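Residue strings, one per chain:
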Amino acid sequence: MYEILIVGGGPAGLTAAIYAARAGKHVAVLERGSTGGQIISAPLVENYPGIPSVSGTELARQMTEQACTFGAEIVYTEAVGLEKTPAGFRVLCMDGVREAKAVILALGITREKLYPGEAEFLGRGVSYCVTCDGMLYRGKKVCVVGFTSDAAEEAELLRTMGCEVEQFTTRTAKYAVLGEERVRALSVNGEEHACEAVFILRPAAAPDTLLSGLAMDGVHVAVDKATMKTSVEGVFAAGDCTGKPYQIAKAVGDGNIAALSAAQYIEERNRETK
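Fair warning: this is a prediction, and the values are worked out from it, not measured in the lab.

This brings us to the packing of helix 1 (residues 11-22) against helix 6 (residues 248-273). Here helix 1 crosses helix 6 at 35°, and the two axes come no closer than 7 Å. Judged by the sense of rotation from one axis to the other, the crossing of helix 1 with helix 6 is right-handed. Two secondary-structure elements touch here, helix 1 through P11, A12, T15, A16, Y19 and A20 and helix 6 through I248, A251, V252, G255, N256, A259 and L260. Of the residues that constitute the contact of helix 1 with helix 6, the class distribution is 10 nonpolar, 3 polar and no charged.

Below is the structure:
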């Protein structure tokens, strides 16, 4: 079990990893793509204090290297769910399950709205993880709404599991999940496609779809700015997912606070259990 798992490897997540590792905690960063987040698309960064001019890729490389130097692990996987347990948290990933005493969400910002019925049927036929839930629908009809680079592979994986798969890849279509107690169909531009599950594969998931009960402030995770605590005990958040301004300097500051708060939370829990 890790002490701290950080979901997201942008500037906020990497800073949190640096400070958590320096605090002596067993920490890992879960990142689905390349570390650095959106900054790797910037050809030139000129507003980061102390570094007058650097490419986003190089800045990300240096942050990642620094986190690893202090002992943080970088795990290239996608977190698709988060569950609270008596010992801490279970983080459901595309390649399995990882456990931690505390979690820091550094997810960046997702601007995609949920489809009608998506939140309502989450866990009752709506899933974001083929590896986690695919076998539950063996021998059944499922729909895949997929916009990630590996969506076709995920759909094929469902077929190898014995599912009958209908796949949709058009972003501009109007999707809605239909059902009563559980999913019964996916509506695509008003046409119903009967199914028992809908797998929605986006480049990023909204934070409150990862963790039930997570309070939001619009599209942002609601936090106590002094500690970066969320509404769920043991979960902290940092960076763009907590609100504007969407700037590296702000993300780095958030990551620092979140890491120190998470480390203090673990130490307090350890004292309580002695």
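I4 and I6 are the most contacted members of the largest nonpolar core, which totals 57 residues. Examining the composition of this core, we find that 8 residues originate from one element, helix 6, more than from any other. Excluding residues that lie within four positions of it along the chain, I6 makes contacts with G13, A16, A17, V27, A28, V29, L30, I104 and A106. Listed in part, the 21 residues of the second largest apolar core include V80, V188, C195 and I200.

It is worth spelling out the sheet that holds strand 12 (residues 191-194) at this point. Read from one edge to the other, the open sheet built from 3 strands follows the order 10-11-12, with strand pairing classed as antiparallel. Sheet topology places strand 10 (175-179) and strand 12 at the edges, where each strand pairs with a single neighbour. Averaged over neighbouring strand pairs, the angle between their axes works out to 30° when direction is ignored. Here 5 bridges tie strand 10 to strand 11 (residues 183-188), and the two strands are oriented antiparallel to one another. Bridge assignment links A176 to a residue of strand 11, and that residue is S187.

Rules used in this analysis
- Residues numbered from 1 in each chain as written.
- Predicted model: local features only at pLDDT ≥ 70, side-chain atom pairs only at ≥ 80, totals over all residues.
- Heavy atoms only, no water.
- Axes fitted to C-alpha atoms, helices over the stretch in contact; angles between N-to-C directions.
- Helix = DSSP H or I, 4+ residues; strand = E, 2+ residues; numbered from the N terminus.
- Left-handed = near helix turned anticlockwise from the far one by under 90°.
- Contact = heavy atoms within 4.5 Å.
- Nonpolar A, V, L, I, M, F, W, Y, C, P; charged D, E, K, R; others polar.
- Core = buried A, V, L, I, M, F, W, Y, C linked by side-chain atoms within 4.5 Å.
- Buried < 20%, exposed > 50% of the residue type's maximum accessible area, 1.4 Å probe, protein only.
- Pairing = 2+ DSSP bridges.

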